[in-house]
Amino acid sequence: MGTDIEAVRLEAERRIGGDGRTVTVRNEVGKGPTPIRILAQLNQDPGPGPVGFTVMTGEDVTMSLLNSGDAIGIDGRWCPVVGCTSINGWVTVETAYGYPVVTAFMDARVHLARVIDAEGVAL
(Lines give C-alpha, C1' and ligand atoms only; values in the text may rest on other atoms or scores of the structure.)
Protein backbone atom coordinates (compact mmCIF):
# COMPACT_ATOMS: atom_id res chain seq x y z
CA MET A 1 0.00 0.00 0.00
CA GLY A 2 3.02 2.30 0.20
CA THR A 3 4.02 4.73 -2.47
CA ASP A 4 7.40 5.08 -4.08
CA ILE A 5 8.00 8.84 -4.23
CA GLU A 6 11.41 10.34 -4.94
CA ALA A 7 12.63 13.81 -3.92
CA VAL A 8 10.51 16.54 -5.49
CA ARG A 9 11.14 20.01 -6.89
CA LEU A 10 9.92 23.29 -5.37
CA GLU A 11 6.89 23.56 -7.61
CA ALA A 12 3.90 21.27 -7.07
CA GLU A 13 4.00 18.18 -9.17
CA ARG A 14 1.97 15.03 -9.67
CA ARG A 15 3.55 11.61 -9.48
CA ILE A 16 2.19 8.12 -9.86
CA GLY A 17 2.55 6.12 -6.64
CA GLY A 18 3.33 2.42 -6.41
CA ASP A 19 -0.39 1.62 -6.19
CA GLY A 20 -1.10 3.46 -9.47
CA ARG A 21 -2.84 6.48 -7.90
CA THR A 22 -1.75 10.04 -8.64
CA VAL A 23 -0.22 11.79 -5.63
CA THR A 24 0.47 15.53 -5.47
CA VAL A 25 3.60 16.45 -3.54
CA ARG A 26 5.38 19.68 -2.70
CA ASN A 27 8.93 20.05 -1.40
CA GLU A 28 8.82 23.42 0.34
CA VAL A 29 6.88 22.11 3.34
CA GLY A 30 8.64 18.77 3.76
CA LYS A 31 9.56 15.61 1.96
CA GLY A 32 6.34 13.76 2.76
CA PRO A 33 3.64 13.21 0.15
CA THR A 34 0.99 15.47 1.74
CA PRO A 35 -1.61 16.55 -0.86
CA ILE A 36 -1.52 20.22 -1.92
CA ARG A 37 -5.16 20.63 -0.82
CA ILE A 38 -4.20 19.80 2.78
CA LEU A 39 -1.09 21.99 2.65
CA ALA A 40 -3.25 24.90 1.50
CA GLN A 41 -5.52 24.40 4.53
CA LEU A 42 -2.56 24.32 6.91
CA ASN A 43 -0.59 27.23 5.40
CA GLN A 44 -3.25 29.92 5.81
CA ASP A 45 -2.36 32.33 8.64
CA PRO A 46 -5.01 32.01 11.39
CA GLY A 47 -4.12 35.40 12.90
CA PRO A 48 -3.59 36.13 16.60
CA GLY A 49 -3.61 33.04 18.82
CA PRO A 50 -6.37 32.08 21.23
CA VAL A 51 -6.27 33.83 24.63
CA GLY A 52 -3.73 32.19 26.93
CA PHE A 53 -1.91 30.35 24.11
CA THR A 54 1.57 30.94 22.70
CA VAL A 55 1.73 30.84 18.89
CA MET A 56 4.54 28.88 17.23
CA THR A 57 5.27 28.95 13.50
CA GLY A 58 8.29 28.30 11.31
CA GLU A 59 10.15 25.56 9.49
CA ASP A 60 10.52 23.38 12.58
CA VAL A 61 6.85 23.55 13.62
CA THR A 62 5.33 20.47 12.01
CA MET A 63 2.45 18.04 12.40
CA SER A 64 4.68 15.78 14.51
CA LEU A 65 4.63 18.32 17.38
CA LEU A 66 0.86 18.44 17.88
CA ASN A 67 -0.74 17.25 21.13
CA SER A 68 -4.22 17.21 22.60
CA GLY A 69 -5.01 20.60 24.10
CA ASP A 70 -3.12 22.53 21.40
CA ALA A 71 -4.75 24.64 18.71
CA ILE A 72 -3.89 24.25 15.02
CA GLY A 73 -4.44 26.70 12.18
CA ILE A 74 -6.77 25.17 9.58
CA ASP A 75 -8.39 27.22 6.80
CA GLY A 76 -7.23 30.47 8.42
CA ARG A 77 -8.80 29.85 11.85
CA TRP A 78 -7.66 28.33 15.14
CA CYS A 79 -9.10 24.88 15.82
CA PRO A 80 -8.80 23.13 19.20
CA VAL A 81 -7.02 19.75 18.99
CA VAL A 82 -8.77 16.93 20.88
CA GLY A 83 -6.67 14.03 19.61
CA CYS A 84 -3.72 13.07 17.42
CA THR A 85 -2.89 9.72 15.87
CA SER A 86 0.38 8.95 14.09
CA ILE A 87 0.84 5.90 11.87
CA ASN A 88 3.76 5.34 9.47
CA GLY A 89 4.60 9.05 9.37
CA TRP A 90 1.02 10.22 8.76
CA VAL A 91 -0.60 12.31 11.50
CA THR A 92 -4.37 12.63 11.84
CA VAL A 93 -5.59 15.54 13.96
CA GLU A 94 -9.10 15.47 15.40
CA THR A 95 -10.57 18.84 16.30
CA ALA A 96 -13.49 19.94 18.48
CA TYR A 97 -16.76 21.71 17.67
CA GLY A 98 -17.10 20.41 14.12
CA TYR A 99 -13.83 21.83 12.84
CA PRO A 100 -12.26 19.70 10.10
CA VAL A 101 -10.19 16.57 10.71
CA VAL A 102 -6.82 16.85 8.94
CA THR A 103 -4.39 14.11 7.92
CA ALA A 104 -0.92 15.12 6.71
CA PHE A 105 2.59 13.73 6.68
CA MET A 106 4.47 14.44 9.93
CA ASP A 107 6.83 16.97 8.31
CA ALA A 108 4.05 19.25 7.00
CA ARG A 109 4.40 22.72 8.52
CA VAL A 110 1.59 24.04 10.70
CA HIS A 111 0.56 27.05 12.74
CA LEU A 112 0.53 25.78 16.33
CA ALA A 113 -0.74 27.43 19.50
CA ARG A 114 -0.01 25.86 22.89
CA VAL A 115 -0.53 26.80 26.52
CA ILE A 116 2.94 27.20 28.04
CA ASP A 117 3.24 27.05 31.82
CA ALA A 118 5.95 29.62 32.56
CA GLU A 119 5.69 29.41 36.37
CA GLY A 120 8.25 26.60 36.66
CA VAL A 121 10.75 28.28 34.32
CA ALA A 122 13.73 30.00 36.00
CA LEU A 123 14.91 33.19 34.35
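The structure under discussion appears in the preceding block.
Model, not experiment: these values are computed from the prediction.

Colleague: Can you break down the environment of Glu94 residue by residue, with the values?
Modeller: Relative to the assigned elements, Glu94 resides in strand S6 (residues 90–95). Remark: the alpha-carbon pair of Glu94 and Pro80, spanning 14 residues in sequence, is separated by 8.6 Å. Those residues within four positions of Glu94 in sequence are excluded, and the remaining contacts are Pro80, Val81, Val82, Gly83, Thr85 and Val101.

Colleague: Account for the pairing of strand S5 (residues 77–87), with residues named and values stated.
Modeller: Where strand S4 (residues 71–74) meets S5, 4 bridges bridge the pair, whose relative direction is antiparallel. Paired with Gly73 across the strands is Trp78, a residue of S5. With antiparallel pairing between neighbouring strands as the criterion, S4 and S5 make up a hairpin whose turn holds 2 residues, including Asp75 at a positive phi of roughly 55 degrees. Of the strand pairs in this sheet, S5 and S6 are connected by 6 bridges, and their pairing is antiparallel. Residue Cys84 lies in a different strand from S6, and its bridge partner there is Val93. Where S5 folds back onto S6 in an antiparallel hairpin, the turn is made up of 2 residues, including Asn88, whose phi is positive at roughly 50 degrees.

Criteria and cut-off values
- Residues numbered from 1 in each chain as written.
- Predicted model: local features only at pLDDT ≥ 70, side-chain atom pairs only at ≥ 80, totals over all residues.
- Heavy atoms only, no water.
- Helix = DSSP H or I, 4+ residues; strand = E, 2+ residues; numbered from the N terminus.
- Contact = heavy atoms within 4.5 Å.
- Pairing = 2+ DSSP bridges.

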